[in-house]
Amino acid sequence: MLFEEFDPLKGKTLQILDQDGKIVNDKLVPKIKKDTLMKMYHTMVLGRIADEKALQFQRQGRMLTYAPNHGQEAAQLGSIAAMDDDDWLVLAFREMNAMLYKGVTLEQSFLYWLGNEWGSRFNDDVKVLPINVPIGSQISHAAGLAYAAKLKGTKEVAIAYIGDGGTSHGEFHEGMSFASAYDLPMIVIIQNNQYAISTPREKTIKSKTLAQKAIAYGIPGIQVDGNDPLAMYLATETARERALKGEGPTLIEAVTYRMGPHTTSDNPKLYREDSEVEEWEKKDPLKRFKKYLIDKKYWTDKKDEDLHETSKKEVLDTFKKVENSGEVDLEDIFKYTYESLTPELEKQMKYYQEFLNEEGAK
Amino acid sequence: MAVKTILQAINEALDQAMEKDESVVVYGEDVGFEGGVFRTTAGLQKKYGEGRVFDTPIAEAAIAGSAVGMAINGLKPVVEMQFSGFSLPAYNQVVTHVARFRNRSRGKYHLPMVIRMPYGGGVKALEHHSESLETLYAHIPGLKLVIPSTPYDAKGLTMAAINDPDPVIIMEPKRIYRAFKQDIPDEPYEVEIGKARMVKEGKDITIIAWGALVREVEKAMKTLDVDAEIIDLRTIAPMDTEAIIKSVKKTGRVLVVHEAYKSFGPAAEIISRVNEEAFFYLEAAPRRLAGFDVTVPLPKGEGHFIISPEQIAYEVKKLMAEKA
């Protein structure tokens, strides 16, 4: 029903909570437990602060290249909160909020952005694939996870994230085509943050919406206000129900905005106006979600201040710990290439160890 | 024991693996109903159903990429690239993901998956159907690459690849898919990945080859009065350096024969290892006989490109005449 009503060709965008934190569509408010709402909000605050600090540390030369999430929190948390523990999360690279919600620790996340593979080694029970840097290739990973779930008869659904620019990639098409051909339990969230690095979405994609790309695959697509956590939740929850019924994948376009740069290496002031950024500032997902929770009597300004304080402390403590964690061991760079070291790798590792022993450490 | 071609041997390996292990799935373009353009997978869909043996969209990247997801989620995918020349759209997946997931996740995820691809020339095929691209795959850390040259090895290596915890690429020499038969065991068995095969012991020269060219080397040596030690490398990566060095130390001469392009090809790597570890045992400069560095010619010109027994004999004579 939802997907029929919000057929992408009808020019509608799903919104439940407007930018002032007011419910604009009573009938569609999803039933979300208080605990879940609060976990979403806690993660949002933690994610926002971690993001701000990561940028700051990068400017201070204490952090490597980082891809900020600021502005895209609701697109991620609204969707991931509608998923089950048993579901798989398949990332692009700008999904720290979704990762944190799904059980990746802040420490692991910072470790990754500080250039350590252990930051992609999540705990055993966390069904999250590591960050995927090449564009678009994660969609078929999700399709494969979903295929296995379907064949084994388990109730797992794979949710994958991609940016608007990523939908230009051939692998997006291949993965979507593959998943739709076999009705796989998969959900793809396009975080349409308006820019592919510096190139505006309108310059690279002719289609009016990104949601309508679903039509080519014979599956539902829906355009959602990506800064509205309730709308993102509802769309994802509905897509998940379809997936579990064996009806196949769904494509969800979250219309959002990347408040920061693509990564710390680019300068958005070169390619967009401040006025545009200010307009999106008014649509901030965090502010509207907080307002909603306060109106619902789930939250207070005082509690919010405390949460900000404890989150800030958590972020700073975690970062310091990670910053002082040092280099990986020599053995570590060899050990995970294959199940066991090949004779050649043994030789290469031994050679370097001898060099270090004879000439002293670097 | 039963007499089988390479093609039948691979089919038997897949069949037995699927029978033994429910998690093994086989898919690719036209692989299910038709059994593949070479019929390597014939009969499997009928026996194991469309869930485990299926035809895919013509989308090599999705074939390799979905195998990544399946392997992470408990299956053992054995996928087919219809021709090695068409594996290139999947190269991104293979290099950026298939080869790296174990390392990226510090061992949390590993990919027990197999990619099969027919390769090589000599069958008068269309453009992009005849290349020998083993260098591209052997160069990438995290991948294993095997090339059988006999029905016995074809079955044993395929079995070993399916049971291997790491991703294995099998390049199948399509020129000899049906060229000859061999008596091979009916029961499942493995040929160890990473070990070369001693085709024939000898003392005058070491000749290293793989795939369809092993037989061409054997043919060539029948025409010469030279006692060659012939090694079928069998696994291109990780390479059995020990077997090569041991042999070269005995013979003092080495010729590497491969269909892959000469420059930067596997022979360059093999000869480097010989130089590093057996230089002072050499009685002549190592030689390589390889594909010319040209786009593989279409059938009317392919005769010039294909390495013949005569050419191999010519190289061996030159090498034997040389003195350090």
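Cut-offs and rules
- Residues numbered from 1 in each chain as written.
- Chains lettered and ligands numbered in written order.
- Predicted model: local features only at pLDDT ≥ 70, side-chain atom pairs only at ≥ 80, totals over all residues.
- Heavy atoms only, no water.
- UniProt positions renumbered as here; feature names shortened; annotations may be inferred.
- Helix = DSSP H or I, 4+ residues; strand = E, 2+ residues; numbered from the N terminus.
- Rg over C-alpha atoms; globule rule 2.2 N^0.38 Å.
- Buried < 20%, exposed > 50% of the residue type's maximum accessible area, 1.4 Å probe, protein only.
- Contact = heavy atoms within 4.5 Å.
- Areas by Shrake-Rupley, 256 points an atom, 1.4 Å probe, with all protein chains shown as cover.
- Lys, Arg positive; Asp, Glu negative; His and termini not counted.
- Charge placed at Lys NZ, Arg CZ, Asp CG, Glu CD.
- Axes fitted to C-alpha atoms, helices over the stretch in contact; angles between N-to-C directions.
- Parallel < 35°, antiparallel > 145°, perpendicular 65-115°, else oblique.
- Left-handed = near helix turned anticlockwise from the far one by under 90°.

For chain B, the name recorded in an unreviewed UniProt entry is Alpha-ketoacid dehydrogenase subunit beta, with Hujiaoplasma nucleasis as its organism. Note on chain B: under the UniProt heading Cofactor (unreviewed entry), the record states "thiamine diphosphate".

Per an unreviewed UniProt entry, chain A carries the name Pyruvate dehydrogenase E1 component subunit alpha and comes from Hujiaoplasma nucleasis. The annotation that UniProt attaches to chain A under Function (unreviewed entry) is "The pyruvate dehydrogenase complex catalyzes the overall conversion of pyruvate to acetyl-CoA and CO(2). It contains multiple copies of three enzymatic components: pyruvate dehydrogenase (E1), dihydrolipoamide acetyltransferase (E2) and lipoamide dehydrogenase (E3)." According to the UniProt record, the Catalytic activity (unreviewed entry) comment for chain A reads "N(6)-[(R)-lipoyl]-L-lysyl-[protein] + pyruvate + H(+) = N(6)-[(R)-S(8)-acetyldihydrolipoyl]-L-lysyl-[protein] + CO2".

1. Details of the overall build of chain B
Helices and strands together make up the secondary structure of chain B, namely 12 helices and 14 strands. Here the C-alpha atoms of chain B give a radius of gyration of 19 Å, agreeing with the 20 Å that 2.2 N^0.38 yields for 324 residues. Sorting the 324 residues of chain B into buried and exposed places 63% on the buried side. Restricting to contacts in chain B with at least 6 residues of sequence separation, those with at least 24 account for 80%. Total accessible area on chain B is roughly 12,300 Å²; 53% of this is exposed by carbon and sulfur atoms. Here chain B holds 40 positive side-chain charges and 44 negative ones, and the gap between their average locations is 2 Å.

2. Looking at the UniProt feature "domain: Dehydrogenase E1 component" (unreviewed entry) in chain A
UniProt records the feature "domain: Dehydrogenase E1 component" (unreviewed entry) for residues 42–328 of chain A in the present numbering. Between the end C-alpha atoms of residues 42–328 of chain A the distance is 32 Å, and the span holds 47% helix and 11% strand.

3. Focus: the packing of helix α6 (residues 138–152) of chain A against helix α7 (residues 170–181) of chain A
Residue and element names in this part refer to chain A. Relative to each other, α6 and α7 sit at 15°, their axes nearing to 7 Å. As the angle between them shows, α6 and α7 are arranged roughly parallel. Considering only the axes of α6 and α7, their crossing is left-handed. Seen from α6, the contacting residues are Ile139, Ser140 and Ala143; seen from α7, they are Glu171, Phe172, Gly175, Met176, Phe178 and Ala179.

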